[in-house]
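Residue-level structure breakdown
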Amino acid sequence: MTKRTRTLWGSLAAAAMISLAPMSGAMADGYWQCVPFARLMSGIQIFGDARTWWSQAIGKYETGFVPRAGAVLCFKPTARMNLGHVAFVSQVLTDRVIQVTHANWSIIDGDRGQVEKDVTVVDVSPQGDWSEVKVWYDPIRDLGSTVYPTHGFIYQNAQATTIAAATSKLALAQNAAVSLAKSAANQVAASVRASSPLDMINQAADSTDRIAALIQASQAPDADKTQAAR
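Our subject in this report is the structure included herewith. (Residues numbered from 1 in each chain as written. Predicted model: local features only at pLDDT ≥ 70, side-chain atom pairs only at ≥ 80, totals over all residues. Heavy atoms only, no water.)

Glycine aside, the phi torsion of most residues is negative, and most peptide linkages are trans. Unusually for a residue other than glycine, Asp109 sits at a positive phi of about 55°. Inspection of the secondary structure puts Asp109 in the loop between β6 (97–103) and β7 (115–123). Its identity as a non-glycine residue notwithstanding, Arg141 has a phi of 55°, on the positive side. The topology assignment puts Arg141 in the loop between β8 (132–137) and β9 (142–143). (Helix = DSSP H or I, 4+ residues; strand = E, 2+ residues; numbered from the N terminus.)

On inspection of all chains with the given rule, the structure shows six aromatic pairs. Ring centres of Trp32 and Phe37 lie 5.2 Å apart, and the angle between their planes is 75°; on these two criteria the pair is classed as edge-to-face. With relative accessibility at 0%, the residue Trp32 sits in the buried group. A ring pair is formed by Trp130 and Phe153, whose centres lie 5.6 Å apart and whose planes are at 70°; its orientation type is edge-to-face. A residue pair is termed long-range when its members are at least 10 positions apart, and Trp130 in the loop between β7 and β8 and Phe153 in strand β10 (residues 148–154) qualify at 23 residues. An identical accessibility class is assigned to Trp130 and Phe153; each is buried. Among the aromatic side chains, those forming a connected cluster through ring pairs are Phe75, Trp105 and Tyr148. Sitting above the plane of the Tyr155 ring, Arg68 keeps its charged end 3.8 Å from the centroid. (Phe/Tyr/Trp six-rings, centres within 6.5 Å; stacked < 30°, edge-to-face > 60°. Buried < 20%, exposed > 50% of the residue type's maximum accessible area, 1.4 Å probe, protein only. Lys NZ or Arg CZ within 6 Å of the ring centre and 35° of its normal.)

Following this line, the structure appears as structure tokens:
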């Protein structure tokens, strides 16, 4: 086996290890749930289904109906979304428009469990109290048509802010690493579609440097530079 072929199989193994590693119990096989992701991003220490967060927050965290960066927007359960949803508020643009970073909302590249960073949510409630919202849905590259009921916002306390300073970077970096590793694995799969075993080996070997670069990038300190957007 040539050195280039051995390097190829090493890259494949690295991609598999990154893609399949359980991310601190919050993520596995590149699939994020909204609750552990919101907890990592906000530092708010509430556990259980999203539909229980609002009641759990009462008496433990400040809650309200005005958006703040760092808060968690808490969605009520619906027939289509019976477990509810939680989304981290990354930016407040106006009193009726915010951006959120959240997980497991849009279907992206045919998959659920994806992270969307800094996507738009608009308050469409008659009273302007954030009790009804529309949310960016990536497949149509626009706000979705569905109006979702919400409870309001759960705000960070000092402890949550301190926790989030570390865990939010971890969540985004882990998501970026898995995304890049999946891209590397897909490129390997594409490279080995050939008419003969010899062609397969040659084509795979030619792609080694590109794959190795993607794996290296997935482990770099700035791997949290990702951008995404129902």
